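As a plain string of letters, each chain reads:
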Amino acid sequence: RDLKKEVRAGRFRADLYRLKGDLKRALKDYHRIVDLEPQSSVGYNGLAEICLQQGKYDEALIHARAAYERDPRQWAMPYNLGMIEDRLGMAEEAIGHLREALGCGVSDSRHRLLVHLWLGRAYARLGRTADAAAELAALRREKRGLDEWQTIFASEQSRTLQEVLAGDIAL
């Protein structure tokens, strides 16, 4: 059997289930991916995203840390950790991981917009108003990212993303 092919197919199926809202089946597939490739970040990242979607932030944090340990150089791993830490009010940790995500090269404006939002919120929680203001200025420069989110959210198919990010985008 071709392990890589089985993992790719499992991820594709799990991602479709997650987007469809069938989290039970998606969880099953992501757990299977972890079983097949325990040293890969793919399954753990999928588990973290589902837990985040369900509002299970403590559990999401465990899986996001496991994904990050396996692939710290890919911007999505510290980005997801920072998002979860933001949700948990873990300001110092969020700042570290979000700065790391930016250092890895967050690929598009819509994700950079959120990084700057979460960084600004973390700095504000710590009373670091000058740093929070700098992040707000950086966030304002990502106008294209806000336009992209609004375009994405106009689609009925973005329901899953809306559940997780709509409050941040509205802010």
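Given the structure is predicted, the values throughout are model-derived calculations rather than measurements.

So, about the packing of helix α4 (residues 57-70) against helix α5 (residues 76-87). The geometry of α4 relative to α5 is characterised by a closest axis approach of 9 Å and an angle of 160° between their N-to-C directions. The angle between α4 and α5 falls in the class roughly antiparallel. The two elements α4 and α5 meet at a crossing, and its hand is left-handed. Along the contact surface, α4 presents Tyr57, Ala60, Leu61, Ala64, Arg65, Ala67 and Tyr68, while α5 presents Met77, Pro78, Leu81, Ile84, Glu85 and Arg87. Classifying every residue of the contact of α4 with α5 by side-chain character gives 10 nonpolar, no polar and three charged.

Turning our attention to the packing of aromatic side chains. Applying the stated criterion to the full structure yields three aromatic pairs. Where Tyr79 meets Trp118, the ring centres are 5.3 Å apart and the plane angle is 55°; that geometry is what we call tilted. Linking Tyr79 in helix α5 with Trp118 in helix α7 (residues 109-125), this pair joins segments that are 39 residues apart in sequence. Between the aromatic rings of Trp149 and Phe153, the centroid separation amounts to 5.6 Å while the plane-to-plane angle is 50°, which identifies the pairing as tilted. With Trp149 and Phe153 both in helix α9 (residues 143-153), this residue pair falls four residues apart, about one helical turn. Residue Trp149 shares its accessibility class with Phe153, and that shared class is buried. Taken together, the aromatic side chains of Trp75, Tyr79 and Trp118 make up a single cluster linked through ring pairs. Stacked on the ring of Trp149, the Lys or Arg Arg110 has its end atom at 5.7 Å from the ring centre.

Over the atoms, a rolled probe matching the size of one water molecule traces out where space is still vacant. In this model, the largest pocket occupies a volume close to 610 Å³. Arg18, Glu49, Asn80, His111 and Leu161 are the residues nearest the centre of the largest pocket, which is lined by 26 residues in total. Every element with two or more residues in the lining of the largest pocket is listed here: α1 (3-20), α3 (41-53), α5, α7 and α10 (159-170). It is α3 that contributes the most residues to the lining of the largest pocket, seven residues altogether. A class-by-class count of the residues in the lining of the largest pocket yields 13 nonpolar, eight polar and five charged. One number sums up the size of the second largest pocket: a volume of about 170 Å³. For the second largest pocket, the full set of lining residues is Leu113, Leu114, Leu117, Leu136, Leu139, Arg140, Lys143, Leu146, Asp168, Ile169 and Leu171. Elements that contribute at least two residues to the lining of the second largest pocket include exactly α7, α8 (129-140), α9 and α10. Residues that form the lining of the second largest pocket fall into these classes: eight nonpolar, no polar and three charged.

For the rest of this paragraph, the subject is the nonpolar core. By size, the foremost hydrophobic cluster in this structure holds 49 residues, and its most contacted members are Tyr79, Leu114, Trp118 and Leu165. Ranked by residues supplied to this core, first place goes to α7 with eight residues.

What follows deals with the environment of Ile50. Assignment of secondary structure puts Ile50 in helix α3. Given the relative accessible area of 0%, Ile50 is considered buried. As for Ile50 and Ala154, which are separated by 104 residues in sequence, their C-alpha atoms are 22 Å apart. Setting aside residues no more than four positions away along its own chain, Ile50 makes contact with Arg18, Leu23, Ala26, Leu27 and Tyr30.

Each value, and the rule that gives it
- Residues numbered from 1 in each chain as written.
- Predicted model: local features only at pLDDT ≥ 70, side-chain atom pairs only at ≥ 80, totals over all residues.
- Heavy atoms only, no water.
- Axes fitted to C-alpha atoms, helices over the stretch in contact; angles between N-to-C directions.
- Helix = DSSP H or I, 4+ residues; strand = E, 2+ residues; numbered from the N terminus.
- Parallel < 35°, antiparallel > 145°, perpendicular 65-115°, else oblique.
- Left-handed = near helix turned anticlockwise from the far one by under 90°.
- Contact = heavy atoms within 4.5 Å.
- Nonpolar A, V, L, I, M, F, W, Y, C, P; charged D, E, K, R; others polar.
- Phe/Tyr/Trp six-rings, centres within 6.5 Å; stacked < 30°, edge-to-face > 60°.
- Buried < 20%, exposed > 50% of the residue type's maximum accessible area, 1.4 Å probe, protein only.
- Lys NZ or Arg CZ within 6 Å of the ring centre and 35° of its normal.
- 1 Å grid on protein atoms, 1.4 Å probe; cavity = no way out; pocket = protein on both sides within 12 Å on 5 of 7 lines; lining within 4 Å.
- Points joined across faces, edges and corners; volume = space filled by probe spheres on them.
- Core = buried A, V, L, I, M, F, W, Y, C linked by side-chain atoms within 4.5 Å.

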